[in-house]
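Chain by chain, the residues run as shown.
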Amino acid sequence: MNEIPPDFAIPAATPPDASFSNEHDRATWEEATRRIAALAGAVPAGEPGWMRWPAGGGDYFVPRDTLLVEEARALGITRDTQFFGGAVPHRFVASKAISHGLISADARAPEGWQAGLAVHLGNAVLRGYTAFAVEDARIAGRLMLKHGPARLKEVEATSGQGQTVVASEQELEAALAAIDPARIEAGGLVIEENLCEVETYSVGTIGLPGRRDAPSASALRSFAYWGTQRLTRNNRGEAAYGGSRLHVVRGGFEELQRELLSHDRAEAVRKALLYDRAVFAAYPALFASRRNYDVAEGTDAGGRIRIGVLEQSWRIGGATGAEIAACEYLEAHPEKAGVTCATVEIYGNPHAAPPDAAVYYAGVDPVAGPLTKYAQIIE
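A brief report on the enclosed structure follows. (Residues numbered from 1 in each chain as written. Predicted model: local features only at pLDDT ≥ 70, side-chain atom pairs only at ≥ 80, totals over all residues. Heavy atoms only, no water.)

1. Let's talk about the nonpolar core
Phase 1: Ranked by size, the top nonpolar core spans 40 residues in total, and within it Ile98, Val279, Tyr283 and Trp314 carry the most contacts.
Phase 2: Mapped by element, the contributors of at least two residues to this core are α3 (117-121), β10 (196-209), β11 (220-233), α7 (253-259), α8 (266-282), β14 (290-299) and β15 (305-313).
Phase 3: It is α8 that contributes the most residues to this core, 9 residues altogether.
Phase 4: Dropping the residues within four chain positions of it, Ile98 is found in contact with Phe92, Val93, Trp113, Leu117, Leu121, Tyr275, Val279, Tyr283, Gln312 and Trp314. (Core = buried A, V, L, I, M, F, W, Y, C linked by side-chain atoms within 4.5 Å. Buried < 20%, exposed > 50% of the residue type's maximum accessible area, 1.4 Å probe, protein only. Helix = DSSP H or I, 4+ residues; strand = E, 2+ residues; numbered from the N terminus. Contact = heavy atoms within 4.5 Å.)

2. What about the sheet that holds strand β2 (residues 50-52)?
Strand pairing in a sheet relies on backbone hydrogen bonds, with the paired strands running either antiparallel or parallel.
Phase 1: Strands sit in the order β1-β2-β3 across an open sheet of 3 strands; the sheet is antiparallel. A single partner strand is all that each edge strand has here, and the edge strands are β1 (43-44) and β3 (59-61).
Phase 2: Bridge analysis of β1 against β2 gives 2 bridges, and the strand direction is antiparallel. Residue Pro44 lies in a different strand from β2, and its bridge partner there is Met51. (Pairing = 2+ DSSP bridges.)

3. Section: the packing of helix α1 (residues 23-40) against helix α9 (residues 320-332)
Phase 1: In the contact formed by α1 and α9, the axes pass within 11 Å of each other and the chain directions differ by 20 degrees. Classed by the angle they form, the pair α1 and α9 counts as roughly parallel. Remark: the crossing between α1 and α9 carries left-handed chirality. Seen from α1, the contacting residues are Ala32, Arg35, Ile36 and Leu39; seen from α9, they are Thr320, Ile324, Cys327, Glu328 and Glu331.
Phase 2: Tallied by class, the residues present in the contact of α1 with α9 amount to 5 nonpolar, 1 polar and 3 charged. (Axes fitted to C-alpha atoms, helices over the stretch in contact; angles between N-to-C directions. Parallel < 35°, antiparallel > 145°, perpendicular 65-115°, else oblique. Left-handed = near helix turned anticlockwise from the far one by under 90°. Nonpolar A, V, L, I, M, F, W, Y, C, P; charged D, E, K, R; others polar.)

4. Description of the pattern of salt bridges
Phase 1: This structure, assessed with the given rule, holds 25 salt bridges.
Phase 2: Residue Glu267 pairs with Lys271 through a salt bridge whose shortest N-O separation is 4.0 Å. Of the two residues, Glu267 and Lys271 are both situated in helix α8; the distance of 4 residues between them amounts to about one turn of the helix.
Phase 3: Using a relative accessible area of 6% as the deciding quantity, one classes Lys271 as buried.
Phase 4: By sharing partners, the salt bridges in this structure join Glu135, Arg138, Arg142, Glu169 and Glu173 into a single network. (Salt bridge = Lys/Arg side-chain N within 4 Å of Asp/Glu carboxyl O.)

5. Comments concerning the state of the cysteines
Phase 1: By the definition in use, this model includes 0 disulfides.
Phase 2: Unpaired in this structure, Cys327 has its nearest cysteine sulfur neighbour in Cys341, at a distance of 8.4 Å.
Phase 3: Of the residues examined, Cys341 reaches a relative accessible area of 0% and is grouped as buried. (Disulfide = S-S within 2.5 Å.)

6. What to know about the pairing of strand β16 (residues 338-347)
Phase 1: Counting buried residues along β16, 8 of its 10 residues qualify, which places the element largely inside the surrounding structure.
Phase 2: Sheet analysis places strand β12 (residues 239-250) next to β16, joined by 7 bridges and oriented antiparallel. Bridged to Ser244 within β16 is Thr343.
Phase 3: As paired elements, β16 and strand β18 (residues 369-377) share 7 bridges and run antiparallel to each other. Residue Tyr347 lies in a different strand from β18, and its bridge partner there is Leu371.

7. What about helix α4 (residues 134-145)?
Each turn of an α-helix holds 3.6 residues, which means side chains three or four residues apart point in the same direction.
Phase 1: Over its 12 residues, α4 runs 16 Å from end to end, which matches the ideal 16 Å to within 8%, given 1.5 Å per residue.
Phase 2: Of all the residues in α4, the buried ones are Asp136, Ala137, Arg138, Ala140, Gly141, Met144 and Leu145.
Phase 3: Where α4 is buried, its residues touch β6 (128-131), β7 (150-154), β8 (163-166), α5 (169-177) and β9 (189-193). (Expected span 1.5 Å × (residues − 1).)

Set out below in structure tokens:
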């Protein structure tokens, strides 16, 4: 049972712009930045998120969120070796919205939307639609209900929040009425088939800068991984992200696929790679040094097993602590081909990290309440 201090009052709702306004996310970002700098042999450059190599080796940035390409250029960032994260040509490209197509060719869509992407994604994703107008969402919902319950997902929500499952047109209408139409028009709404008995996998690649005093100084050190996510209960009793367990190897998706060739999770990796290639082809201005994909496996309304990519993350995320821990371990053990590691988030106990863990946060967050976040090597 979570133990919450008696004088702690949980706010009624998290502010809509609270992406990094809470204490624990900011602390996680700062610790990740510090550890990346240590791996690269760099030092803080004064401004939050920035680091610099001595003797004119250049600057490196760890942004708090996915950047727009124009924002990246304004910061002097034009390639993936200069930062940890991603830069997108349009804001919607960084959200869940791109995982599905529109209900029709004349449906409302933002400027820059690439309608052909849905065709190339194919069965890499689950059955679903993205809508940028309430009426389009209503039509999409009715179409999805013909196949069973549907899940409505607000595209900017994270950690499983902002989602509603509907099983009838009445429930669909109630769910749509609860969402501000302006939010749908501005960012979109995903209407997707609902799966039961779901397991969510994390599949991704990261590139971290080498030390400027090393022979491969200008190149990224590349690592790839697959793993599983777990859910927990936050201090409100709601389902929330509880951490990830990752197996990390040197190299990229191709090396990961070779290792998992006969593994029963190879299909999740294959679909993540298909998704990655399709999106980067559809939006060629996109570039990223962190590419993380959430892949769900579960049963649909007909009892069939379904596997599909839910969304992407081209920024620091919940699994980043494990990614960094793996890189630290593999740098210290060049004879190792891979390592298993984990991030853990525990609500209700601000001092739950084991002695050998890399602690990213341990305290009472003013928004989230008592919380411990740490990364650990499992091997």
